[in-house]
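Listed below are the residues making up each chain.
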Amino acid sequence: MADIVTITIDGQDFQVPAGTNLVDAAKMLGTDIPVFCYHPKMEPVGMCRMCLVELGSISVNRETGEPDLDENGEPVVRWFPKLQTACTQKTYEGMVIRTTTEKVVAGRDDILEFILTSHPLDCPVCDKGGECPLQNLTMAYGPGQSRFVFTDKLNLDKHVPLGELIYLDRERCIQCARCVRFCDELVGDDVLAFHERGRRLQIVTISDPPFDTKFSGNTTDICPVGALTTTDFRFGARPWELDEVPTICPYCPVGCNLSASTRLDRDTGGKKIIKRIMPRQNEEVNEIWICDKGRFGHHHSRSTERILHPMIRKGDELVTVDWATAYAEVAARLKKYGDRTGFVAGPALSNEDLWELRKLTRLVGEQRQRGLWPATMSGIEAIAQAGAGVGTRVQDMGPGGAILVIASDFEEEAPIWWLQVKQAADRGVKVVVANARGTKLDKYAAATMPYAYGDAVAVMNGLAARARSRKKIARSLVESRVDGMDALIDSLKGVKVPHPEAADLLLDADDLLIFAGGEGLTLAQHGELMQAAANLLILTAHVGRPNNGLVAVWPGANVQGAMDMGFSAETTAALLDDPPPMWFIAEADPAGEDVRAAEVIANAECVVVTSLFMTETAQQADIILPGQSFAERDGTFTNGMRRVQRFYTAQGPIGDSLPDWKIFAHIGRQMGGDQPRISTGLVMREITEKVFRYADMGYPNLARVEKQFPDVGGDDLYYGGTAYTNTGGLGVQWKTNAEHEQHRLTVRPVNVDSFAADGLQLIPVRVLYDRGMWFRVSDVMDQRVPAPYVELNEADAAGLGIADGEQIAVVLGERTVEVRARVNGKTPAGYALLPMRLSDAPTLTVPAAGVVQKIEE
Amino acid sequence: MQVPIMPAKGEKFIIPIGPQHPALKEPGHFEFSVDGEVVTGASLRLGYVHRGIEKGTEGRNWVQTLYLLERICGICSHVHATAYCLGVERLAGVEAPPRAQAIRSLVAELERIHSHLLWLGVAAHEAGFDMLFMHSWRDREIVMNLLEGLTGNRVNYSANVLGGVKCDIDARQTDAILAGLEHLEDRTRHYLTVVTSDVMFLRRTRGIGVMTKDVAEKLGVVGPTARASGVARDVRLNAPYAAYDRYPVELITATAGDLEARFIVRVQELFETYRVIRAILADLPEGELTVRMPRRIKEGETISRVEAPRGELFYFIKSNGSDTAERVKVRTPTLPNMASVLTLAVGHQLADMPMILAGIDPCFSCNDRMIVVRDPAGRGAHWTWDDLREYGIEYYR
Amino acid sequence: MNMVRGFATTLKHVIEGPVTIEYPEQERPVRERFKGRHALKRYENGLEKCIGCSLCAAACPADAIWVEAAENTDEERYSPGERYAKTYEINMLRCIFCGYCEDACPTEAIVLEHEYRLSFNDRYDAIYTKDMLIDPVPPGVQGTPQVTEPGKFTRSIPDMENPK
């Protein structure tokens with residue numbers, strides 16, 4: 001803990017930790033020091049001079065160490081002769097500031113007059129108007145009139161596209177550099193810079209393609225004026241007209257808290273629609289950042305391509321039916337096929353959907369084949385034992401901590417975790433990246449542990465062996481609570497440690513957090529990787545406390561929840577190996593993503609799907625039931641750190657669509673199940689009673705909000721926007737076995753077999769901007785989605801006679817996919833990287849041998 | 001609201017009047033118990049046009065609330081706006097410029113002419129003197145046109161804004177107003193002659209509904225009704241607001257306390273009003289029309305009183321420091337006056353009831369708000385949801 | 001004698017003629033400041049003054065105004081600057097004619113004019129759309145949208161004068 005010091009603000013004494021930024025300290029104590037360039041999430045620069053205060057120190061007698069006293073017995077304060085910028089000051093003992101004196105008031109007034117010399121009177125048309133820090137501070141502290149003449153105003157370009165997502169208004173810019181610093185310092189993408197000098201100083205983008213970062217939208221949030229606005233929301237509405245609805249991003253396992261700004265809209269027949277997505281502050285999850293996919297990928301909630309009515313296939317045609325008919329028909333099919341039905345849940349179903357689906361599987365028969373899509377990752381047991389401790393916050397980790405990211409292209413799979421880990425690396429956390437290929441995080445890593453595809457488990461096992469050989473095993477934990485130690489220790493004898501130096505970085509750290517992805521791993525291997533990670537963490541007692549443990553980079557927003565509700569990827573794999581005649585697929589598109597699944601589903605006798613769009617799978621379906629997107633309904637998602645978070649209804653339903661849980665419950669009713677619940681809250685109440693890990697997850701608990709720091713949004717005047725305010729709840733994490741004292745932990749030896757590299761191996765990789773149906777319809781992002789491609793090593797490409805940029809064919813069993821070749825030196829030889837969900841045709845979700853060839857003319 | 005001056009037990013006839021048009025074209029429900037033609041007891045039930053305006057203020061910002069409150073009354077809209085503006089300005093610690101204050105007073109006085117002439121017509125109509133009704137309403141058009149010329153609207157003028165007024169007065173406006181007043185003064189003299197000398201009319205007014213000063217004080221009657229009973233009370237004099245300290249009015253009182261006195265007081269007040277308007281126009285301060293108001297009003301509470309044409313209008317305003325009022329409480333002058341009707345009714349002929357009611361210049365819709373005067377059931381000051389529900393069921397039974 | 005006076009009065013009023021007017025045929029002129037139905041104004045070059053800023057809607061105490069904005073381009077220009085009102089509706093049943101929209105307008109686009117004959121058979125008819133509210137195009141110039149030369153109409157708010 002930092003030392004506590006006494007500072008005096010406007011004559012009142014306060015106790016604060018030493019070294020706190022003065023602006024933050026004052027804000028915490030209830031005194032507003034206005035700022036433009038300072039942002040609590042970034043290092044101060046002192047550019048705007050808005051935070052001027054009178055600063056002084058209590059004079060201390062050097063001999064006695066006692067404060068000098070004046071004739072009235074008051075301590076003598078030595079004042080700086082001029083006003084000082086508060087944002088560049090750290091608190092120290094005896095600090096005295098004055099924020100309300102005439103001098104300070106005059107100082108702020110003058111600074112605002114300067115800032116406003118060239119700021120246009122655009123407020124009526126400016127998208128920021130109404131939630132604009134400059135507007136607020138001018139009203140609060142500014143001069144009533146300017147002494148500058150209007151002819152002296154600089155007229156600069158008002159409509160400068162910085163890439164296709166963000167517009168820059170050069171006139172409005174006040175050169176605070178928040179955006180430049182965000183991209184430079186926080187993200188590390190060298191995309192924005194200043195150009196020219198003096199009054200002509202302006203922001204330019206220096207990357208190609210312009211503003212090439214996955215976090216560009218955040219610059220519009222932190223911009224204290226309306227200089228940066230998004231294309232998506234441009235002139236969409238005035239901020240005060242918007243209703244903010246708390247919601248959760250449906251795309252990746254981070255589970256970013258979002259605020260959906262909704263408004264009635266004439267173009268959609270006077271219905272309420274999402275006008276924009278803003279981040280919602282949750283310091284436990286995404287702080288105040290979100291990636292561009294979450295921000296701009298909301299258009300599927302009201303796309304014209306949505307399925308509007310239940311449909312049943314009659315011959316070759318799909319016939320629109322009403323819900324009652326659809327329920328009866330599905331129930332009849334389920335009764336007919338009974339246990340010979342395979343259930344597959346998608347990655348973004350809510351916990352309530354999954355629970356109702358689970359109840360439906362119980363009604364259908366004894367087998368309860370509850371599969372999960374995509375079937376690429378497993379290892380819920382490892383998470384249940386050694387998952388990241390409750391209260392884990394990457395941003396709390398300091399130089400004593402270490403983070404291992406293994407088998408994941410982190411920025412593509414979980415952008416906000418990537419951002420947090422990258423910042424942790426900047427703070428001195430030892431970040432170690434283990435992957436078969438280079439990723440963007442390598443640049444910030446303290447060490448890397450490259451390996452050949454398929455060897456990830458061996459690398460992880462090697463770490464455990466290193467822990468054993470360096471006697472890092474935590475005796476007290478192991479002896480009291482862990483089963484299976486002897487077998488594990490035996491198995492670790494003589495195991496080769498691939499990267500001992502990097503391993504030592506991790507083993508010597510006080511805190512160890514492991515992010516495990518699934519890239520280049522078969523399903524079985526992934527289970528072993530997770531177990532190996534759990535072994536390591538348990539052995540070294542990096543479990544059961546914050547900032548320690550295992551986090552899986554799941555392939556979807558609620559894969560964690562699906563596993564908690566009893567769905568598993570292994571079941572899907574088994575179902576694909578031994579296909580049942582009937583499939584019940586909920587909000588997933590196996591036929592559009594995987595050639596093998598496409599084959600199986602094409603040959604199925606009966607397929608029932610719930611879907612938002614006419615996906616490949618839906619096109620093969622006999623019964624299609626229109627589900628609802630995250631915006632049209634409420635529910636909960638469980639993120640990759642096992643935090644259960646609520647999202648709320650933001651807009652009305654499209655067509656006849658119903659939330660999935662209701663669909664499943666109604667079908668269940670036809671099968672002799674309970675009367676459907678009337679709200680998700682009641683479904684969750686049932687879950688809390690039946691699933692012990694979810695016992696605390698009742699809706700009131702999930703909706704609880706505590707005061708967060710830094711204090712952004714709400715009544716705050718200068719960090720911009722009211723959307724930040726979290727009114728929807730911070731969510732609750734479920735506890736791992738390690739955190740339940742009475743639970744024993746289990747370790748076991750892992751199987752380190754690699755797959756046989758026979759010919760070219762195709763490795764499916766995840767990319768953030770893919771062509772999944774949900775994301776594809778957000779056409780504002782079109783230019784960011786790459787054309788379908790495959791990455792090849794130069795040597796392999798030369799051997800096949802393939803040039804960079806050439807359109808080539810990838811042969812996947814009986815199917816062929818045409819993609820563009822990207823030839824580079826980064827891809828390991830013998831492997832071809834094929835992004836998932838990027839082609840219109842199905843590709844691969846698990847590694848497989850394949851053929852890449854030139855297209856024969 | 002239910003004022004429980006209930007008929008004594010054993011009385012046989014109870015004549016219900018209303019709720020549709022109890023004499024005036026506004027809803028209210030009276031029950032008179034009679035002994036032959038003579039009224040022996042009266043009770044009153046109000047609330048048929050409750051609009052939830054006070055509650056409505058809690059969902060609007062300070063500026064929007066002004067326009068809502070201005071619509072409490074269709075006749076004396078300006079005084080509501082003035083009372084509210086003065087109160088909010090006091091809370092915010094700003095003061096409207098002198099010119100704005102003078103214009104506020106000016107519009108208020110024009111409105112008083114409008115209101116009194118309207119009342120004169122209504123009261124004459126109740127007395128069966130429709131000639132006077134038509135003439136006074138014809139003359140009322142003059143002042144309504146003046147108000148339209150000045151503010152743009154014939155009623156609900158929107159002259160006030162927080163921190164000042166919206167409309168300025170130029171020489172042309174001044175001339176128009178002075179010319180209008182010239183004519184009106186002439187007519188008003190005629191009306192004074194009529195109400196004091198027309199024999200038929202005096203039979204409906206002289207000695208009817210006599211309220212002594214003591215009774216008036218006891219019932220808390222306000223405005224011209226009180227002044228006709230010799231109560232020397234006028235907010236413009238007792239606690240000058242807007243520009244009334246600069247342009248003082250003279251108190252008009254009468255001692256008879258009967259309906260005739262109420263006619264005389266109101267008509268004579270018109271002369272005083274003409275005089276004040278001329279004084280304002282002759283000496284209108286120069287300067288700004290508005291001062292800047294903060295969007296959020298400082299935490300605090302205040303009361304604001306103004307003299308509406310019907311008497312003292314009372315506002316309570318509470319701010320919690322946000323851009324919305326936490327509570328705005330309105331007490332319109334009809335409310336205290338209404339009690340006097342019930343008292344005065346006793347002992348008079350049933351046929352006099354419309355005149356006695358009209359004599360206080362009642363305004364029902366202004367008045368219809370939730371007020372607990374005295375709680376017969378002994379419930380506390382706080383009404384629970386169940387209490388309200390029970391009350392509602394009882395009310396519409 | 002009294003009878004003669006009575007007849008004289010009657011005769012006087014007969015000679016004075018009626019003070020009422022036959023309304024639909026004959027209309028009473030309104031005063032200059034009269035606040036009647038709104039009109040959306042145009043500049044002399046035909047461009048709309050309204051920039052879709054929604055400040056009128058924000059100021060409206062009765063929530064009578066609905067504005068949706070969209071972006072101008074030089075190929076399809078409705079108003080100077082970047083923004084124009086795609087949808088502009090006033091619900092005349094809600095409007096209280098206080099004129100606060102007029103005060104709030106930064107470009108003097110919305111003006112309460114003298115039209116007061118607002119009656120409807122259907123509640124939906126009370127919603128006046130932009131087409132109904134906007135002034136006709138001045139003679140001799142093109143209506144909106146216009147094709148304009150790039151870089152000419154970049155400012156939404158008319159230039160202000162230097163303080164004196």
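Residues numbered from 1 in each chain as written. Chains lettered and ligands numbered in written order. Predicted model: local features only at pLDDT ≥ 70, side-chain atom pairs only at ≥ 80, totals over all residues.

A. View of the overall build of chain C. Of the regular secondary structure elements, chain C holds four helices and five strands. A globule of 164 residues ought to have a C-alpha radius of gyration of about 15 Å, yet chain C, at 23 Å, is considerably larger. The principal-axis extents of the C-alpha atoms in chain C amount to approximately 85 × 40 × 35 Å. With 164 residues in all, chain C has 30% of them scored as buried. For chain C, restricting intrachain contacts to residue pairs at least 6 apart in sequence, the fraction spanning at least 24 positions comes to 76%. (Helix = DSSP H or I, 4+ residues; strand = E, 2+ residues; numbered from the N terminus. Rg over C-alpha atoms; globule rule 2.2 N^0.38 Å. Buried ≥ 20, exposed ≤ 12 C-beta atoms within 10 Å, placed from the backbone. Contact = placed C-beta atoms within 7 Å.)

B. Up close: the overall build of chain A. The secondary structure content of chain A amounts to 26 helices and 38 strands. Compactness check: chain A gives a C-alpha radius of gyration of 29 Å against a globular reference of 29 Å for 857 residues, within 12% of the reference. C-alpha atoms of chain A, sized along the principal axes, occupy 95 × 70 × 60 Å. Across the 857 residues in chain A, those meeting the buried criterion constitute 57%. Within chain A, contacts between residues at least 6 apart in sequence are counted, and of these 75% link residues at least 24 apart.

C. Just the sheet that holds strand β13 (residues 257-265) of chain A, in detail. Residue and element names in this part refer to chain A. What the three strands build is an open sheet, ordered β12-β13-β14; its pairing is antiparallel. Here the strands that pair on one side only, and so sit at the sheet edges, are β12 (243-248) and β14 (271-279). Between one strand and the next, the sheet's axes are offset by a mean angle of 35°, whatever the strand orientation. Of the strand pairs in this sheet, β13 and β14 are connected by eight bridges, and their pairing is antiparallel. Residue pairing in the sheet places Arg263 in a bridge with Ile273 of β14. (Pairing = 2+ DSSP bridges. Axes fitted to C-alpha atoms, helices over the stretch in contact; angles between N-to-C directions.)

D. How the structure looks around the packing of helix α6 (residues 171-197) of chain B against helix α11 (residues 259-282) of chain B. Residue and element names in this part refer to chain B. For the pair α6 and α11, the least separation of the axes is 10 Å and the interaxial angle reads 160°. Taken as axis vectors, α6 and α11 run roughly antiparallel relative to one another. Relative to α11, α6 is oriented so that their crossing is left-handed. Residues Thr174, Ile177, Leu178, Leu181, Leu184, Glu185, Thr188, Tyr191, Leu192, Val195 and Thr196 of α6 form the contact with α11, whose participating residues are Phe263, Ile264, Val267, Leu270, Phe271, Tyr274, Ile277, Arg278 and Leu281. Class assignment for the residues of the contact of α6 with α11 results in 15 nonpolar, three polar and two charged. (Parallel < 35°, antiparallel > 145°, perpendicular 65-115°, else oblique. Left-handed = near helix turned anticlockwise from the far one by under 90°. Nonpolar A, V, L, I, M, F, W, Y, C, P; charged D, E, K, R; others polar.)

E. A look at the interface of chain C and chain A. Taken together, the contact pairs 22 residues of chain C with 16 residues of chain A. Broken down by class, the residue content of the side of chain C that touches chain A amounts to 10 nonpolar, six polar and six charged.

F. Geometry of the interface of chain B and chain C. Taken together, the contacts link 15 residues of chain B with 11 residues of chain C. Elements that contribute at least two residues to the side of chain B that touches chain C include exactly α2 (62-69) and α5 (130-151) of chain B. Looking at the side of chain B that touches chain C element by element, the count peaks at five residues for α5 of chain B. Taken together, the residues of the side of chain B that touches chain C sort by class into three nonpolar, eight polar and four charged.

G. Broad picture of the sheet that holds strand β26 (residues 606-611) of chain A. Residues and elements named next belong to chain A. Across the sheet, seven strands lie side by side as β16-β15-β27-β26-β25-β17-β18; this open sheet has mixed pairing. Taken across any chain shown, the strands that pair with only one partner, and hence form the sheet edges, are β16 (317-320) and β18 (370-372). Across the sheet, the mean angle from the axis of one strand to that of its neighbour is 20°, orientation sign disregarded. In this structure, strand β17 (residues 341-345) lies alongside β18, joined through three bridges in parallel fashion. Among the inter-strand pairings, Val344 is bridged to a residue of β18, identified as Gly371. With respect to the sheet, helix α18 (residues 569-577) is in contact with β17 and β18, its orientation differing from that of β18 by roughly 100°.

H. Representation of the confidence of the model for chain C. Per-residue confidence for chain C averages 89 on the pLDDT scale, and 97% of its residues sit at or above 70. Reported confidences for the modelled complex are a pTM of 0.87 and an ipTM of 0.86. (pLDDT = per-residue confidence, 0-100.)

I. Just the nonpolar core, in detail. Judged by nonpolar contacts, the single largest core of 258 residues is most densely connected at Ala345, Val421, Ile514, Ala516, Ala533 and Leu550 of chain A. Broken down by element, this core gets its largest block of residues, 10 residues, from helix α16 (residues 523-539) of chain A. Grouped together as the second largest cluster of nonpolar side chains are 146 residues, Val79, Ile113 and Val161 of chain B together with Cys95 of chain C included. (Core = buried A, V, L, I, M, F, W, Y, C linked by C-beta atoms within 7 Å.)

J. Structural detail: unusual backbone geometry. With omega at 0°, the peptide bond leading from Asp208 of chain A into Pro209 of chain A counts as cis. The residue Pro209 of chain A is located in the loop between β10 (202-205) and α5 (217-222) in this model. The residue after Thr144 of chain C, namely Pro145 of chain C, is reached through a cis peptide bond having omega 0°. In this structure, Pro145 of chain C sits in the segment after α4 (130-133).

K. A look at the arrangement of the chains. In this assembly, two pairs of chains are in contact, and the pair with the greatest number of contacts comprises chains A and C. At the C-alpha level, the nearest point of chain A lies 9 Å from chain B, with no contact between them.

L. Highlighting helix α4 (residues 178-187) of chain A. All names here are of chain A. Taken across its 10 residues, α4 has seven buried, putting it largely inside the fold. Turning to α4, its buried residues are Arg178, Cys179, Arg181, Phe182, Cys183, Leu186 and Val187. Close packing links the buried residues of α4 with β9 (192-195), β10, α5, β11 (228-230) and α11 (415-427). Gly188 lies just past α4 and shows a positive phi near 85°.

M. Representation of the environment of Asn351 of chain A in the model. Residues and elements named next belong to chain A. As for its placement among the helices and strands, Asn351 is situated in helix α8 (residues 351-364). With 26 C-beta atoms packed within 10 Å, Asn351 lands in the buried category. Along the backbone, Asn351 and Thr638 are 287 residues apart, and their C-alpha atoms lie at a distance of 7.5 Å. With near-sequence residues (within four places) excluded, Asn351 lies in contact with Asn558, Gly561, Met565, Gly635, Thr636, Thr638, Val644 and Ile687.

N. Highlighting the environment of Glu632 of chain A. Residues and elements named next belong to chain A. One can find Glu632 in the loop between β27 (623-626) and β28 (635-638). Separated by 175 residues in sequence, Glu632 and Val457 have C-alpha atoms that sit 41 Å apart. When near neighbours in sequence (up to four residues on either side) are disregarded, Glu632 contacts Ser301, Thr649, Gln651, Gly652, Pro653, Ile654 and Ser657.

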